[in-house]
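So the chains spell out like this:
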Amino acid sequence: MEQKKRLLYITRKEHFNAAHKLYNPNWSDEQNEAVFGKCANRNWHGHNFDLYVTVKGYPDPETGFIIDLKVLKTIIEEHVIEKLDHRNINMDVDFMQGKMASIENIAVGIWDQIEPHLEGCQLHSIKLWETRNNYVEYFGE
Ligand code: NI
């Protein structure tokens, strides 16, 4: 009997702490303050970020896995967490240089750090929680 191919999604959750500020250097201090409020504070502020990395694929018939979660964990640690955790996102993080340190841009940067390293499955989404109330999702478009 032919087996139905089943597409599944699996998620690894990670965590990092980092500082940033939202500040557009092309604007006056007043304009930055008006648009970004407390987030423009020149002496930075921090967040406890929660990161959800979801990949999709067909389980390997030998292992039953879409991806070995140990492999996914290592990719995220090496290419994302080690670069972001306990860092200043504006100043210390190579893949954020020259960009506004919004969660939108951080999520896109994280996508680009992980996507080239996946084999046998596809990156589906990056979900990044910045506060208890705010998160962003990116699906690669
Ligand atoms: Ni912030």
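For the structure itself, consult the block above.
Below or above, wherever it landed, is the structure these notes cover. (Residues numbered from 1 in each chain as written. Predicted model: local features only at pLDDT ≥ 70, side-chain atom pairs only at ≥ 80, totals over all residues. Heavy atoms only, no water.)

**Digging into the overall build of the protein chain**
Working step 1: Looking only at helices and strands, the protein chain features four helices and five strands.
Working step 2: When the helices and strands of the protein chain are read in sequence order from the N terminus, they spell out β-α-β-α-β-α-α-β-β.
Working step 3: The principal-axis extent of the C-alpha atoms belonging to the protein chain is close to 70 × 25 × 25 Å.
Working step 4: In the protein chain, which comprises 141 residues, the proportion classed as buried is 36%.
Working step 5: Sequence separation of 24 or more characterises 67% of the internal contacts of the protein chain that already satisfy a separation of 6 or more.
Working step 6: Carbon and sulfur atoms make up 47% of the accessible area of the protein chain, which amounts to about 9,000 Å² in all.
Working step 7: Each charge sign in the protein chain was given a centre, from 16 positive and 22 negative side chains, and these centres are 5 Å apart. (Helix = DSSP H or I, 4+ residues; strand = E, 2+ residues; numbered from the N terminus. Buried < 20%, exposed > 50% of the residue type's maximum accessible area, 1.4 Å probe, protein only. Contact = heavy atoms within 4.5 Å. Areas by Shrake-Rupley, 256 points an atom, 1.4 Å probe, with all protein chains shown as cover. Lys, Arg positive; Asp, Glu negative; His and termini not counted. Charge placed at Lys NZ, Arg CZ, Asp CG, Glu CD.)

**Details of the packing of aromatic side chains**
Working step 1: Tallied over the entire structure, the rule returns four aromatic pairs.
Working step 2: Ring centres of phenylalanine 16 and phenylalanine 49 lie 4.8 Å apart, and the angle between their planes is 20°; this geometry places the pair in the stacked category. Residue phenylalanine 16 is located in strand S1 (residues 8-20), and its partner phenylalanine 49 is located in strand S2 (residues 45-57); the two are separated by 33 residues in the primary sequence. Each of the two residues, phenylalanine 16 as well as phenylalanine 49, counts as buried.
Working step 3: Relative to phenylalanine 36, the ring of tryptophan 27 lies with its centre 5.7 Å away and its plane at 15°, an arrangement referred to as stacked.
Working step 4: Classification of tryptophan 27 as partly exposed rests on a relative accessible area of 28%.
Working step 5: Geometry around tyrosine 58 places lysine 5 over its ring, the cationic atom sitting 4.1 Å from the centre.
Working step 6: If you follow lysine 127 out to its NZ or CZ, it ends over the ring of tyrosine 52, 5.9 Å from the centre. (Phe/Tyr/Trp six-rings, centres within 6.5 Å; stacked < 30°, edge-to-face > 60°. Lys NZ or Arg CZ within 6 Å of the ring centre and 35° of its normal.)

**Focus on helix H2 (residues 69-84)**
Working step 1: By the largest-angle criterion, glutamate 77 marks the main kink of H2, which is about 45°.
Working step 2: Along H2, the residues that are buried comprise Leu72, Ile75, Ile76, His79, Val80, Ile81 and Leu84.
Working step 3: In this structure, the buried residues of H2 make contact with S1, S2, strand S3 (87-88), helix H3 (89-92) and helix H4 (103-114).
Working step 4: The distance from a side-chain oxygen at the start of H2 to the backbone nitrogen of lysine 70 is 2.9 Å, and the residue carrying that oxygen is aspartate 68.
Working step 5: Following H2 by one or two positions, histidine 86 has its phi on the positive side, about 60°. (Bend = angle between axes of the 7 residues up to and from the residue. Polar contact = N/O pair within 3.5 Å; in protein donor to acceptor, adjacent residues only side chain to side chain.)

**Focus on the coordination of the nickel ion**
Working step 1: At the metal site, the nickel ion is ligated by His20 (NE2), His45 (NE2) and His47 (NE2), and these contacts range over 2.0 to 2.1 Å.
Working step 2: Between the donor residues of the nickel ion, the gaps in sequence give the motif H-x24-H-x1-H. Taken together, the residues histidine 20 in strand S1 and histidine 47 in strand S2 connect sequence positions 27 residues apart. Each of the two residues, histidine 20 as well as histidine 47, counts as buried. (Donors = N, O, S within 2.8 Å, 3.2 Å for Na, K, Ca; no water.)

**Structural notes on the pairing of S1**
Working step 1: Both S1 and S2 contribute to a ladder of 13 bridges, which runs antiparallel. Among the inter-strand pairings, threonine 11 is bridged to a residue of S2, identified as threonine 54.
Working step 2: Judged from the two bridges that link them, S1 and S3 form a sheet pairing that is parallel. When the bridges of S3 are listed, alanine 18 appears paired with arginine 87. (Pairing = 2+ DSSP bridges.)

**Observations concerning the pattern of salt bridges**
Working step 1: Counted according to the given criterion, the structure contains five salt bridges.
Working step 2: In this structure, the salt-bridge partner of arginine 12 is glutamate 14, at a minimum N-O distance of 2.8 Å.
Working step 3: On the accessibility criterion, arginine 12 (23% relative accessible area) is partly exposed. (Salt bridge = Lys/Arg side-chain N within 4 Å of Asp/Glu carboxyl O.)

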